[in-house]
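Take a look at the letters that make up each chain.
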Amino acid sequence: MAIARQVLCLSAFLSLPLAGRAEPIRYSVAEEAESGSLVGKLAEDAGLTPAQLSARRARLVSEDGRQHFRLDGGSGRLVVAGRLDREELCGQAGTCMLPFELLLANPLQFFRVEVAVEDINDHSPVFPVERVTFKILETSEPGSRFPLEEAQDLDIGSNNIQTYSISPKNKYFSVFYGARLTGKKYLELVLEKALDREEQAEMSFSVIAVDGGSPPRSGTSELNVVVLDVNDNAPIFIEEEFMGKVLENMPEGSVVLKVLATDQDAGVNGDISYQLRQAMGQSDSSFVIDPITGEIKLRRPLDFEAAETH
């Protein structure tokens, strides 16, 4: 008789509906939905009536104790309890699932419920810095690539950054946005046409990141390119031939002529110094040139009669 009573007690225990469905009841809701927004008809989906929820003291129980949703006792509907920020709840995770249980007493029963928080395009792309300066040699070959820092977008999927462009468009540069074998994205500035510092020494344009939301959001960073000079220009005299006249009684140190040359290069590459080259067979010139100013001066007084006898 003792064994029979144990079997009867065990059978009665197993008959209690401690668990509801094997599969959880699943819903989805957009983040930022207003408080009170409908998530789903929870009572109906659990096979219950609103009256049964009330009679059996239904309540929602979450693992972390936070109540993101509430049960409307009159209708049996599940609604949003407060603002849902997907990025705050789940960061950059591909899915954002909030699990909890619908718990009923008398008799004890529970249903597993999962609500997926769907991303909306509520963030714009943001670059790490608002303005970047690049210094690029004018001898850089077309096709040269220069790494740029990507913008960041807290949204995921299609609401994340999809394309980059530059504005206004120019003939020298474009941007390339790609992915490495590891899947990591990268952004590069691509040189499309050879640079010439003498033609354009500096240029500015915007790099624009655009996400795939509807409507799309964008972020901008200003890019300033400084073209670095190389010594690719020779000095050029402003005249092909300079002519000067000297009186024989002019004192030593007199300026008899000034020459001038220009160089389109910048910095030290554009600095010019002057020097005189001795004529063939002449060992000691009567003239000297200032290497900085280009002024040609007498080293000693001239003797016209002595010059004629030679």
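Remember, it's a predicted structure, so these values are computed and weren't measured experimentally. (Residues numbered from 1 in each chain as written. Predicted model: local features only at pLDDT ≥ 70, side-chain atom pairs only at ≥ 80, totals over all residues. Heavy atoms only, no water.)

Novice: Where do I start with the packing of aromatic side chains in this structure?
Specialist: Geometry of an aromatic ring pair is reported as the spacing of the ring centres plus the angle between the planes. Inspection of every chain in the model, using the stated rule, returns seven aromatic pairs. Residues Y164 and Y177 carry aromatic rings whose centres are separated by 4.7 Å and whose planes lie at 65° to one another, so their mutual orientation is edge-to-face. Taken together, the residues span a long stretch of sequence, with Y164 in strand β10 (residues 161-167) and Y177 in strand β11 (residues 173-179) at a distance of 13 residues. A relative accessible area of 11% means that Y164 is categorised as buried. In textbook terms, an aromatic cluster arises when at least three aromatic residues are bridged by ring pairs, as seen for F127, Y164 and Y177. Above the ring of F176, the side-chain terminus of R145 is found at 5.0 Å from the ring centroid. The ring of Y186 has R180 sitting right over it, with the charged end atom 4.1 Å from the ring centre. (Phe/Tyr/Trp six-rings, centres within 6.5 Å; stacked < 30°, edge-to-face > 60°. Helix = DSSP H or I, 4+ residues; strand = E, 2+ residues; numbered from the N terminus. Buried < 20%, exposed > 50% of the residue type's maximum accessible area, 1.4 Å probe, protein only. Lys NZ or Arg CZ within 6 Å of the ring centre and 35° of its normal.)

Novice: What is the right way to read the environment of I156 from this model?
Specialist: Along the polypeptide, I156 turns up in the loop between β9 (145-148) and β10. Placed 63 residues apart in sequence, I156 and A93 show a C-alpha to C-alpha distance of 8.1 Å.

Novice: So what exactly am I meant to see when it comes to the sheet that holds β10 here?
Specialist: One key point about sheets: their strands pair by backbone hydrogen bonds, in either a parallel or an antiparallel sense. Strand order in the open sheet formed by four strands is β8-β14-β13-β10, with mixed pairing between adjacent strands. Two strands in the sheet have a free side with no partner beyond their single neighbour: β8 (131-137) and β10. Between one strand axis and the next, the sheet turns by 25° as a mean value, whatever way the strands run. One ladder, built from six bridges, connects β10 with strand β13 (residues 202-211); its direction is antiparallel. Among the inter-strand pairings, I161 is bridged to a residue of β13, identified as D211. (Pairing = 2+ DSSP bridges. Axes fitted to C-alpha atoms, helices over the stretch in contact; angles between N-to-C directions.)

Novice: I tried to follow the side chain of E138 on my own but got confused; where do I start?
Specialist: You can see E138 is positioned in the loop between β8 and β9. R197 provides the closest opposite charge to the buried, salt-bridge-free E138, at an N-O distance of 5.1 Å. A distance of 3.0 Å separates the side chain of E138 from the backbone nitrogen of R197, its partner in a polar contact. (Lys, Arg positive; Asp, Glu negative; His and termini not counted. Salt bridge = Lys/Arg side-chain N within 4 Å of Asp/Glu carboxyl O. Polar contact = N/O pair within 3.5 Å; in protein donor to acceptor, adjacent residues only side chain to side chain.)

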